[in-house]
Amino acid sequence: CLVGPKREKQQREAEKKMKLRLVAVDMDGTCVAGGHRVPHRNIWTLEQAWRAGVVVVPATGRPLYGYPPSLRRLPWIRYVISSNGARLTDRQTGRDLRQALIPVGEAVRFLRELKGMAVWISIHKDGICLDKNRVPFWHRRLFYPGDFASGRRVAHLESWLAGQEGGVEKIQIFFLTKAARRRTQALTNRCPQLVCCASHDRYVEITAAGASKGAALRALCEHLGIAPEEAMAIGDSDNDLSMLRYAGCPVAMGNAASSIKQAASETTADNAHCGVAWAVMKRLREECEEEKSC
């Protein structure tokens, strides 16, 4: 057996391997607080993590060009998980490291099946949000100033999409009635190549079956040579569950759903009180104390 200094040395080496190297942070309900703004305290703390050698990754249900400008303009954020994991993008090269898209033809067929239902429809394609209906389009413009500036409204969305190439990152369906929700859910259940995530009680987000924040986080960690135990994931809703299950340090927001808190190893403050900053700074301070004690 190992005794004395030799054992202590191996324990210290094991602890070093567990040092935080990546933080994946959800946006809405997590990093974003009231007024759809990212508190300065969250940004400052994430920058301190980056300065300590930690890769900071926004992991959002929003499209690539739709997450908060206060984070988009930061040059030290290189990788972004967008549209619930449908895309993993290296901003430095402009290339996607991973894609899990809904083929255009399949998306068109699905949208046409929704005709006549009491729903509003939006899609993510090529990193921007396209709204079929006026209300969600103007809601984004009025309440998310700057966030969705690249998005636009396409009234005849199905016809427009039928003439496009590539794939669709996400389909978002807003329900106007309970019957519309049931019919949409039944339609999704008949399409095994699609997955449906209810991150809000008034809408669902539909992606390709291979798309999830957890799958994208795994791909990024493998690309960077980072072990799951060296990654922290912070979230608040069901579309964050997969990445919390993958990360060695899963953190739930104080305002998180119960399923998220059960999957997390710890719960931080809510998004109104900079829970992201508290969680990240707590981990950085713990590592600092460990280094001082070595």
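Heads up: the structure comes first, above all this text.
This text gives an overview of the structure that appears in the document. (Residues numbered from 1 in each chain as written. Predicted model: local features only at pLDDT ≥ 70, side-chain atom pairs only at ≥ 80, totals over all residues. Heavy atoms only, no water.)

**Let's talk about the sheet that holds strand 15 (residues 249-252)**
Taking strand neighbours across the sheet as the criterion, the five strands line up as 2-1-14-15-16 in an open arrangement whose pairing is parallel. Edge positions in the sheet fall to strand 2 (55-58) and strand 16 (266-267), since each of these pairs with one other strand and no more. Sheet topology note: the strand 15/strand 16 ladder contains two bridges and is parallel. Paired with Val251 across the strands is Glu266, a residue of strand 16. Packing of helix 8 (residues 213-224) onto the sheet brings it into contact with strand 1 (22-25), strand 2 and strand 14 (231-235), and relative to strand 1 it is tilted by some 160°. (Pairing = 2+ DSSP bridges. Helix = DSSP H or I, 4+ residues; strand = E, 2+ residues; numbered from the N terminus. Contact = heavy atoms within 4.5 Å. Axes fitted to C-alpha atoms, helices over the stretch in contact; angles between N-to-C directions.)

**Focus: the packing of aromatic side chains**
Across all of its chains, the model carries four aromatic pairs by this definition. Aromatic side chains Trp50 and Trp76 sit 5.7 Å apart centroid to centroid with 25° between the ring planes, which places their arrangement in the stacked category. With Trp50 in helix 2 (residues 40-51) and Trp76 in the loop between helix 3 (69-72) and strand 3 (79-82), the pair connects residues that are 26 residues apart, well separated along the chain. Taking NZ or CZ as reference, Arg41 lies 4.6 Å from the ring centre of Trp278, over its face. (Phe/Tyr/Trp six-rings, centres within 6.5 Å; stacked < 30°, edge-to-face > 60°. Lys NZ or Arg CZ within 6 Å of the ring centre and 35° of its normal.)

**A word on the side chain of Gln172**
Residue placement: Gln172 occurs in strand 11 (residues 170-175). Take Gln172: its relative accessible area is 6%, and that puts it in the buried class. Once residues within four sequence positions are removed from consideration, Gln172 is found in contact with Trp120, Ile121, Ser122, Arg140, Tyr203, Val204 and Glu205. (Buried < 20%, exposed > 50% of the residue type's maximum accessible area, 1.4 Å probe, protein only.)

**Quick notes on the pattern of salt bridges**
A side chain with one charge can pair with a side chain of the opposite charge if their charged atoms come near. All told, the structure shown has 15 salt bridges when counted by the stated rule. As a salt-bridge pair, Glu47 and Arg51 come within 2.8 Å of each other at their nearest N and O atoms. Highlighted residues: Glu47 and Arg51, both in helix 2, separated by four residues, approximately one helical turn. For Arg51, a relative accessible area of 57% translates into the label exposed. (Salt bridge = Lys/Arg side-chain N within 4 Å of Asp/Glu carboxyl O.)

**Thoughts on empty space enclosed by the protein**
Space left empty within the atom packing is revealed by a probe, the size of a water molecule, rolled over the atoms. The tally for this structure, following the rule as stated, stands at one cavity of 30 Å³ or more. Considering only enclosed or pocket space, the largest cavity measures out at about 40 Å³ in volume. Cys129, Asp131, Phe137, Arg140, Arg141, Phe148, Gly151 and Arg152 are the residues that line the largest cavity. Mapped by element, the contributors of at least two residues to the lining of the largest cavity are strand 8 (128-131) and helix 5 (134-143). The greatest single-element share of the lining of the largest cavity, amounting to three residues, is contributed by helix 5. A class-by-class count of the residues in the lining of the largest cavity yields three nonpolar, one polar and four charged. (1 Å grid on protein atoms, 1.4 Å probe; cavity = no way out; pocket = protein on both sides within 12 Å on 5 of 7 lines; lining within 4 Å. Points joined across faces, edges and corners; volume = space filled by probe spheres on them. Nonpolar A, V, L, I, M, F, W, Y, C, P; charged D, E, K, R; others polar.)

Interpretation note: all reported values are geometric properties and have no functional meaning in isolation.
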